[in-house]
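Geometric and topological summary
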Amino acid sequence: MADIQSPVPGTFYHRPSPEDAVFKSEGDSVAVGDTIGLVEVMKSFIEVQAEEAGTFAGYSAEDEAAVSAGDVLATLK
């Protein structure tokens with residue numbers, strides 16, 4: 001299992017916009033560099049990207065949750 005951590009503090013989003021599907025669902029394949037979410041900081045959106053390849057195990061942080069730098073956002077198998 002590998003953790004994907006927040007690079008910065010802010011608000012974490014599972015999807016690019018409220019109308020869109022989540023970036024990843026449980027069981028999806030994840031490649032290095034795949035975007036799994038966004039962190040909003042002062043009206044700027046920062047992509048959270050996987051640093052390892054694997055299978056998406058799920059989000060650890062809720063959608064629209066306040067997160068700190070280093071918080072675990074999702075896990076990979």
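As shown above, the structure is provided for reference.
Reference entry: report on the structure contained in this document. Predicted model only: the values in this text are computed from it and were never measured.

**So, the pairing of strand β1 (residues 2-5)**
Taking every second residue as pointing to the same face, the buried face of β1 carries A2 and I4, while none of D3 and Q5 on the other face is buried. Where β1 and strand β8 (residues 72-76) come together, 4 bridges link them in antiparallel fashion. For I4, the partnering residue across the bridge sits in β8 and is A74.

**Side note on the packing of aromatic side chains**
By the definition in use, this model includes 3 aromatic pairs. Ring geometry for Y13 against F45: centres 6.1 Å apart, planes inclined by 50 degrees, an arrangement best described as tilted. Taken as a pair, Y13 in strand β2 (residues 10-13) and F45 in strand β5 (residues 44-49) lie far apart in primary sequence, 32 residues in all. Taking the centre distance of 4.9 Å and the plane angle of 70 degrees together, the rings of F56 and Y59 count as edge-to-face. Among the residues examined, F56 registers a relative accessible area of 1% and is labelled buried. Judged by relative accessible area, which is 22%, Y59 ranks as partly exposed. Every member of this aromatic cluster is reached through a ring pair, and the members are F12, F56 and Y59.

Reading the values: the criteria
Residues numbered from 1 in each chain as written. Predicted model: local features only at pLDDT ≥ 70, side-chain atom pairs only at ≥ 80, totals over all residues. Heavy atoms only, no water. Buried < 20%, exposed > 50% of the residue type's maximum accessible area, 1.4 Å probe, protein only. Helix = DSSP H or I, 4+ residues; strand = E, 2+ residues; numbered from the N terminus. Pairing = 2+ DSSP bridges. Phe/Tyr/Trp six-rings, centres within 6.5 Å; stacked < 30°, edge-to-face > 60°.

Spatial relationships are all this shows, so hold off on functional conclusions.
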